[in-house]
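Fold and geometry: a report
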Amino acid sequence: METVIKKFNTLHEYNQYLERGETLECFKYYASSQRDLTSGTDRYTTKRRKWVGTNTYDEATDLMLHGDRSLAKKVENAGVATARVKVNAARPRAKVVRSMGGFMPNIPAYLSNSKKQMWRMQKQEVKQRVMTIVYNASVYAGTEADEVIETSSKLVQTVMKIEASGTRVNLYCANLTATNIPRNWRTDTPRKVVGTLVKIKDSGQYLDVLKMCYPLIHPSMHRRQHFRMLELDSDKDFTYCYGYPVQYGKAVDEAVQECGLRNATVVSFYEINGKSQDEIINLITKK
């Protein structure tokens, strides 16, 4: 399997790459990512506008860099705010220890002529488990925007619940496209895969709902930004319908490993679609 996988550490780094790249000749006649859907009331334009989720590429860029407040509000209303408060409450602990200098004298130590005659505060690092999750957000063209939002919202809520339990998460969003559909996604690979792996959250950062929502939930992340990436780094084999989304299995695992994420837990849109939050948590923890 031939692969062209680009890894980006931030959304800003990803955006700079998309802006500076030059569109391949085979895509110049029809660059789907750049299509302006602002005007037009016909049935096709109206349906496509809902499918993409944004009117223009500039609108999609603004949402990726500054966050989608409407999506963030929906996620917060689903109960995520409580989980975020619990995570933020986890701070380094401190205990009082004997020392040669401190904030208060230790009378017994002073009377016994000990060198450590004072009390001081000593910070204790709280060891937390860290896991890396890669969410493969690749979807077929026939997948409605509402379905993308509903399913991916559960993933965001699941990540927040995992962090609320004390486990810190490195979170990546993957968009992967293949030239063909293999016989079995779990065991076989397509001829060529082109895609991106973008870091959305570092384990050392607190949860930022506004920052996470667009790249993980909004359909334009795939149908604007990822299409733009294909217009820069794929070839003529992808011009027909922009290829086929890599669902799950061997091709996804190889792409993730190529980016150096050896122990990452990979979960795809099609694996969590239709599942409850508890079922998604069980799926992630058992992998």
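For the structure itself, consult the block above.
Residues numbered from 1 in each chain as written. Predicted model: local features only at pLDDT ≥ 70, side-chain atom pairs only at ≥ 80, totals over all residues. Heavy atoms only, no water.

As for the pairing of strand β6 (residues 168–178)
A regular strand places its side chains so that they alternate between the two faces of the sheet. The element β6 is largely enclosed, with a buried count of 11 among its 11 residues. With burial as the criterion, each face of β6 is covered, one bearing Arg168, Asn170, Tyr172, Ala174, Leu176 and Ala178 and the other bearing Val169, Leu171, Cys173, Asn175 and Thr177. Pairing of strand β5 (residues 130–136) with β6, which is carried by seven bridges, proceeds in the parallel orientation. In the strand pairing of β6, Thr132 is matched with Asn170. Crossover β5 to β6 through helix α6 (residues 145–164) is right-handed. Note: β6 against strand β7 (residues 192–201), eight bridges, orientation antiparallel. Among the inter-strand pairings, Ala178 is bridged to a residue of β7, identified as Val193. Across two bridges, the pairing between β6 and strand β8 (residues 244–245) is antiparallel. Pairing of Ala178 across the sheet is with Tyr244, part of β8. (Buried < 20%, exposed > 50% of the residue type's maximum accessible area, 1.4 Å probe, protein only. Helix = DSSP H or I, 4+ residues; strand = E, 2+ residues; numbered from the N terminus. Pairing = 2+ DSSP bridges. Right-handed = clockwise from strand over helix to strand, strands pointing away.)

Let's talk about the packing of helix α3 (residues 57–66) against helix α8 (residues 220–233)
Orientation of α3 relative to α8, taken along the N-to-C sense of each, is 110°, at an axis distance of 10 Å. Between α3 and α8, the interaxial angle falls into the category roughly perpendicular. Each of Tyr57, Ala60, Thr61 and Met64 in α3 lies in contact with α8, whose residues at this interface are Ser220, Met221, Arg224, Gln225 and Arg228. Here the contact of α3 with α8 is composed, by residue class, of four nonpolar, three polar and two charged. (Axes fitted to C-alpha atoms, helices over the stretch in contact; angles between N-to-C directions. Parallel < 35°, antiparallel > 145°, perpendicular 65-115°, else oblique. Contact = heavy atoms within 4.5 Å. Nonpolar A, V, L, I, M, F, W, Y, C, P; charged D, E, K, R; others polar.)

Quick notes on the sheet that holds strand β2 (residues 93–99)
Overall, antiparallel pairing links the three strands, which are arranged β2-β4-β3 in an open sheet. This sheet does not close on itself; its edge strands, each paired only once, are β2 and β3 (104–105). Two strands pair when backbone bridges link them, and β2 and strand β4 (residues 118–124) are joined in this way by seven bridges, in the antiparallel orientation. Looking at the pairing, Lys95 lines up with Gln122 of β4.

Here we look at a negative patch on the surface
Among the surface-exposed residues, Glu19, Asp36, Asp58, Glu59 and Asp62 lie close enough to one another that they form a single negatively charged patch. With three residues, the single largest contributor to the negative patch is α3. Judged by relative accessible area, which is 61%, Asp58 ranks as exposed. (Patch = residues over 30% accessible without salt bridge, like charges linked within 9 Å, V, L, I, M, F, W, Y side chains within 5 Å. Areas by Shrake-Rupley, 256 points an atom, 1.4 Å probe, with all protein chains shown as cover. Salt bridge = Lys/Arg side-chain N within 4 Å of Asp/Glu carboxyl O. Lys, Arg positive; Asp, Glu negative; His and termini not counted. Charge placed at Lys NZ, Arg CZ, Asp CG, Glu CD.)

So, the nonpolar core
The biggest cluster of nonpolar side chains holds 51 residues, and the ones touching the most others in it are Tyr14, Ile133, Tyr135, Leu171, Ile200, Met212 and Leu216. Once residues within four sequence positions are removed from consideration, Leu171 is found in contact with Ile133, Val159, Val198, Lys199, Ile200, Lys201, Met212 and Leu216. Tyr248, Cys259, Leu261 and Val266 belong to the second-largest nonpolar core, a separate cluster that totals 18 residues. (Core = buried A, V, L, I, M, F, W, Y, C linked by side-chain atoms within 4.5 Å.)

Observations concerning the packing of aromatic side chains
According to the stated counting rule, one finds seven aromatic pairs in the structure shown. Judged by centre distance (5.3 Å) and plane angle (50°), the rings of Phe8 and Tyr17 are tilted. For Phe8, a relative accessible area of 5% gives the class buried. Residue Tyr17 is classed as partly exposed on the basis of its relative accessible area of 26%. Chaining the aromatic ring pairs together yields one cluster made of Phe27, Trp51, Phe227 and Tyr242. (Phe/Tyr/Trp six-rings, centres within 6.5 Å; stacked < 30°, edge-to-face > 60°.)

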